[in-house]
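# Structural overview for review
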Amino acid sequence: MTLAASQPAAAPAARPAPPIIEVRDVSKRFVKRLDIAEKIAGLLGAAVHEEIVRAVDRVSLAIEEGEVVGLVGESGCGKSTLGRIIAGILPQSEGKIRFRGRDRDALAGRERRDAALKIQMIFQDPYASLNPRMRVAEIIGEAPKFHGLVAGRDLDAYVDEMMRRVGLDPAFKRRYPHQFSGGQRQRIGIARALAVQPEFLVCDEAVAALDVSIQAQVLNLFMRLREELGLTYLFISHDLGVVEHLSDRVAIMYLGRIVETAATEELFARPNHPYTQALLQEVPRLAARKRQFTPVKGEIPSPLHPPAGCHFHPRCPFAFARCRVEAPALKEIAPGRLSACHLNDRA
C-alpha cells in the first residue's frame, strides 16, 4: 500500500486592508443655548427652548485607500460639517471615525498626533484660509517645523520643494498672501496641507471660488498629486460636472443624511434615489440643449425642524404614506451600490 504524499497546508487568505477612513453612524448637533433673557422668559411661562441644528444625521461612509469620493448636495445639507468632522476640526456628537481600522478617538499620544497629521483639509476660500500676517514660507513651513518633520536647517529647502510641487515659484516665498491671485493662494493652501505629508485630503469646495480656467488647472493639480503621492480624497462639491470628472465614487447627501452612493459612471447613468435624479436633471448636457431647465422643486427644509420620515419627502414627486413617517435605511440595492429610498422595497 502506498501512502499519499502529505500536502502542505494552504496559506491563510490575506485579510483585506481596512478602509483608510470609515465613518460609522456619525451625527453632529449644534445647540443654541438660551441666554439670560430667554431663561427668565421661560420661568415666566413663555414657550422658549434651546434650538438644535442637526447638521449631520447618522452618516456612515467608507473610503478606500487611493480612492476619490465625491460628496454632493445642496448648500446647507451638511457636507462641509461632515468634512470637518473627518478632518478632526470638529468633534462628532455621536458615532465613530476609524482611521485605517482604528478608532481615532481611542488613539493617544504620538499615534493620535500622527493620525491627525495624515488627514488634512483644503478650504473653499483661498482668501480667508491663509493668515494675512504670515509670509508664504512661514505658512507652509510652520506645521512641519513644529511637529519635527523637518530639521530647522532643512526647512527652507523643504518649503521650496513644496512650492514647486504645487506649481509655485519658490522665489516668491517671502511674499504675503495678498500679493498672490486666488488660484495661487489656493496652491499655497495645498502646499501647506502637503507639508505635513498627509495620506488623506478633504477638499471642501476647493475650486468653487476660482475662475473656470483656474479651476481646471487646480483640478489637474489634484489629479497629478494623487498619482505622485498616492493620496486619497474626499472631494466636497455642489458642482456635479466637476465631481463626474474627478471622482471614482459619489455619495449624495441631503439634509444631513447620505441618500445614495455608487460608482461615478453607474450613478450618472442610472441614478436611483429621486433626489439624485433631480440633481442630475440640472447638469447641462450638449445632447439636451433644447431641454427646459427645471430645478428641484421646493427648498431644502431647515435643519432646525427636519421633516419626519424621509427628509426628502416634501419635495419628492414619488412620495407615499410610508415616506412621511419612516426614515429609509441606506442599504445595498446592487453590488457596491447603496440607496435610502422606500421605492426600492416596492420593486
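For the structure itself, consult the block above.
Calculation notes
- Residues numbered from 1 in each chain as written.
- Predicted model: local features only at pLDDT ≥ 70, side-chain atom pairs only at ≥ 80, totals over all residues.
- Heavy atoms only, no water.
- Axes fitted to C-alpha atoms, helices over the stretch in contact; angles between N-to-C directions.
- Helix = DSSP H or I, 4+ residues; strand = E, 2+ residues; numbered from the N terminus.
- Parallel < 35°, antiparallel > 145°, perpendicular 65-115°, else oblique.
- Left-handed = near helix turned anticlockwise from the far one by under 90°.
- Contact = heavy atoms within 4.5 Å.
- Nonpolar A, V, L, I, M, F, W, Y, C, P; charged D, E, K, R; others polar.
- Core = buried A, V, L, I, M, F, W, Y, C linked by side-chain atoms within 4.5 Å.
- Buried < 20%, exposed > 50% of the residue type's maximum accessible area, 1.4 Å probe, protein only.
- Salt bridge = Lys/Arg side-chain N within 4 Å of Asp/Glu carboxyl O.
- Polar contact = N/O pair within 3.5 Å; in protein donor to acceptor, adjacent residues only side chain to side chain.

So, about the packing of helix α6 (residues 182–194) against helix α7 (residues 212–229). Look at α6 against α7: their axes get within 10 Å of each other, and the N-to-C directions meet at 20°. The pairing of α6 with α7 is recorded here as roughly parallel in orientation. Crossing hand, α6 versus α7: right-handed. The residues of α7 that touch α6, namely those facing G183, R187, I190 and L194, are I214, Q217, V218, L221, F222, L225 and L229. Of the residues that constitute the contact of α6 with α7, the class distribution is eight nonpolar, two polar and one charged.

The next subject is the nonpolar core. Grouped together as the largest cluster of nonpolar side chains are 39 residues, with contacts concentrated most on I140, I188, I190, L194, C203, F222 and Y233. At the level of secondary structure, the elements contributing two or more residues to this core comprise α4 (136–146), α5 (155–165), α6, β7 (200–204), α7, β8 (232–237) and α8 (240–246). No other element matches α7, which puts six residues into this core. Here I190 is in contact with I122, V166, V218, L221, F222 and L225, once residues within four sequence places are set aside.

The next point concerns helix α2 (residues 79–86). Among the eight residues in α2, six count as buried, and that is most of the element. By the burial criterion, the buried members of α2 are K79, T81, L82, G83, I85 and I86. G88 lies just past α2 and shows a positive phi near 85°.

A complete count under the given rule lists 25 salt bridges for this structure. Note that E199 is salt-bridged to R100, the shortest N-O span being 2.7 Å. Placement of E199 in the loop between α6 and β7 and of R100 in the loop between β4 (94–99) and β5 (102–103) is noted, with a sequence separation of 99 residues between them. The exposure class assigned to E199 is partly exposed, which follows from its relative accessible area of 24%. Where R110 meets D114, a salt bridge forms, and the shortest distance between an N and an O atom there is 3.9 Å. In this pair, R110 and D114 are both assigned in helix α3 (residues 109–118), four residues apart and thus about one turn of the helix distant. Residue R110 is classed as exposed on the basis of its relative accessible area of 62%. Residue classification places D114 among the partly exposed residues on the basis of a relative accessible area of 27%. Each of E65, R100, K118 and E199 takes part in salt bridges that share partners, so that together they form one network.

All right, on to the environment of R135 then. For R135, the position within the fold is in the loop between β6 (119–122) and α4. R135 sits 43 residues away from H178 along the chain, and the two C-alpha atoms are 9.9 Å apart. In contact with R135, not counting residues within four places along its chain, are K173, R174, R175 and Y176. Separated by 3.4 Å, the side chains of R135 and Y176 make a polar contact.

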